[in-house]
Amino acid sequence: MNMPDVIQKKRDGGELSRAEIDFFVQGFTAGTIPDYQAAALLMAMFLRKLNLEETYHLTEAMRLSGESADLSAIPGIKVDKHSTGGVGDKTTLVVAPLAAACGVPIAKMSGRGLGFTGGTIDKLEAIPGFQTAVAPTDFLDQIGRIGLAVVGQTARIAPADKKIYVLRDVTATVDDISLITASIMSKKLASGSDAIVLDVKCGKGAFMEDMESAGQLARMMVDMGRQAGKKTIALITDANQPLGQTVGNSLEVIEAIETLKGAGPADITELSLVLAGYMIYAGEKADTPEAGRKMAEAALADGRALAKLRQLITAQGGDPAVIDDYSRFPQPANCLHIYASSAQPFSAAYVTAINARRIGLASQHSGAGRIQKDDPLDLSAGIRLLKKVGDPVKADAAIAVLYGNDIAKLEAAAGEVRTAFTIETAPPKDSSLLILDVIE
Ligand code: URA
């Protein structure tokens, strides 16, 4: 077998066999297939599409490219959660403590930011001292002690995905349903949890912009999970505007803490309670997702979820005092206010849309995300949205604030924030629907 033949077959619309997919994944992971051949095959896959069987083989080959975590020593049904990537999505920081506080063991392996979307691991590293690289034995020990660990993906889990993702990121082959399915499900299936709750983002701030493609992605991932014998549930959730009011690492951790204190934005609180409800249900601590949600509401109200976050921070070497004193987070040297009149000229009106992708890009450009893969992050950088969709605005009102250490970067990002806002004289149609569909 050789790569030019495999590339040509897919280029011409053929169906790849399991052996051909294994050949590609094993060779690329081992370094015997160069980037240019892998990139050509990925583009052929992107343009010609993979069918369900090919997607299954690709997921399996990527899962088997490394080790599988063995969580069998931890009693109970271990539940994992994964989002397909959104702007301002800090729900893991809320949902994981909520579900763990309700008795569901959470062994969470998370990723770093990708493109215009943020990543949980970068956010957690905004907490001084917090360690995201944890040895496998310490990971298991921590879940046994406090029922929760959130760590970075080790190089040993699905290493093929690591290499393939980097290439997809720079070859315009990210937003394909089969390639996203294989990327996410290979990692999730290798991570060892018994059940998986997927948050499939749909809208302008997501890789899937419409319901049809988000539905196809959700069904394909649920199918892969089910074929592997894992209980898998996907929620399709709105990602047209950023989630919550902040985007950027320290800012988002603070907003997650506020949410666990019962003072978070309505959308984060609602989505977190729904997702936690499904995780508690998937972990068989509740008979229905609604009963799970009630348990999550109780853990939020009586402070058990916040206490769980404190335990998590302490267990992973972080400074738990950040929960009570936000000045312990990295502080930005500069801030820049964005005014409504600079977004669009008007006298008085409403915010009718906030383009999440543009806000994500502005956050990335302020220093909160990477432009090149090894860029250091400014953990203090990001955006606070002072207005969300539906809010009335006056022309002289500030609509957002950019934070960060490099004023030139903030000035460069300001234009993107301005153009992200649509301001019109009539109020928008009701856009408060957050959960668009559930696929079980
Ligand atoms: N998240 C992933 O882990 N992989 C993708 O391909 C897209 C989002």
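Everything in this summary refers to the structure shown in the same document. This structure is a prediction, so every number in the text was calculated from the model and none was measured.

Rules used in this analysis
Residues numbered from 1 in each chain as written. Predicted model: local features only at pLDDT ≥ 70, side-chain atom pairs only at ≥ 80, totals over all residues. Heavy atoms only, no water. Helix = DSSP H or I, 4+ residues; strand = E, 2+ residues; numbered from the N terminus. Rg over C-alpha atoms; globule rule 2.2 N^0.38 Å. Buried < 20%, exposed > 50% of the residue type's maximum accessible area, 1.4 Å probe, protein only. Contact = heavy atoms within 4.5 Å. Areas by Shrake-Rupley, 256 points an atom, 1.4 Å probe, with all protein chains shown as cover. Lys, Arg positive; Asp, Glu negative; His and termini not counted. Charge placed at Lys NZ, Arg CZ, Asp CG, Glu CD. Polar contact = N/O pair within 3.5 Å; in protein donor to acceptor, adjacent residues only side chain to side chain. Pairing = 2+ DSSP bridges. Phe/Tyr/Trp six-rings, centres within 6.5 Å; stacked < 30°, edge-to-face > 60°. Lys NZ or Arg CZ within 6 Å of the ring centre and 35° of its normal. Expected span 1.5 Å × (residues − 1). Arc of directions from axis to C-beta.

### So, the overall build of the chain
Of regular secondary structure, the chain possesses 17 helices and 13 strands. Computed over the C-alpha atoms, the radius of gyration of the chain is 21 Å, within 12% of the 22 Å expected from 2.2 N^0.38 for a compact globule of 440 residues. Its C-alpha atoms put the chain at 65 × 50 × 40 Å along the principal axes. Expressed as a percentage of its 440 residues, the buried residues of the chain come to 57%. In the chain, the proportion of contacts linking residues at least 24 apart, taken out of those at least 6 apart, comes to 78%. Carbon and sulfur atoms make up 52% of the accessible area of the chain, which amounts to about 17100 Å² in all. For the chain, the distance from the average site of its 45 positive side-chain charges to the average site of its 53 negative ones is 1 Å.

### Quick look at the environment of Asp324
You can see Asp324 is positioned in the loop between α14 (304–315) and β7 (334–339). Judged by its relative accessible area of 56%, Asp324 falls in the exposed class. With 195 residues separating them along the chain, Asp324 and Gly129 place their C-alpha atoms 16 Å apart. For Asp324, the side chain forms a polar contact with the side chain of Arg310, separated by 3.1 Å.

### Brief notes about the pairing of strand β8 (residues 348–354)
Relative to strand β10 (residues 392–394), β8 runs antiparallel, the two sharing three bridges. Along β10, the bridge assignment pairs Ala349 with Val393. In terms of strand pairing, β8 meets strand β12 (residues 421–424) through four bridges, oriented antiparallel. Opposite Ala353, over in β12, you have Thr422 as the bridge partner.

### Let's talk about the packing of aromatic side chains
A ring pair, where both rings are aromatic, is described by two values, the distance of the centres and the angle of the planes. If you walk through the whole model with that rule in mind, you get one aromatic pair. A cation over a ring is seen here: Lys49 above Phe46, with NZ or CZ 4.6 Å from the ring centre. The ring of Phe28 carries Lys163 above its face, with NZ or CZ at 4.6 Å from the centroid.

### With respect to helix α13 (residues 289–301)
The terminal C-alpha atoms of α13, which comprises 13 residues, lie 18 Å apart, in line with the 18 Å expected from a rise of 1.5 Å per residue. Looking only at α13, the buried set comprises Pro289, Gly292, Ala296, Ala299 and Leu300. Summarising the axial view, the buried residues of α13 lie within an arc of 100°, below the 170-degree limit, and thus occupy one face. Counted as exposed and oriented over 90 degrees from the buried face of α13: Glu290, Lys294 and Ala301. Where α13 is buried, its residues contact α5 (91–101), α11 (249–260), α12 (266–282) and α14. Within two residues after α13, Gly303 carries a phi angle of roughly 85°, on the positive side.

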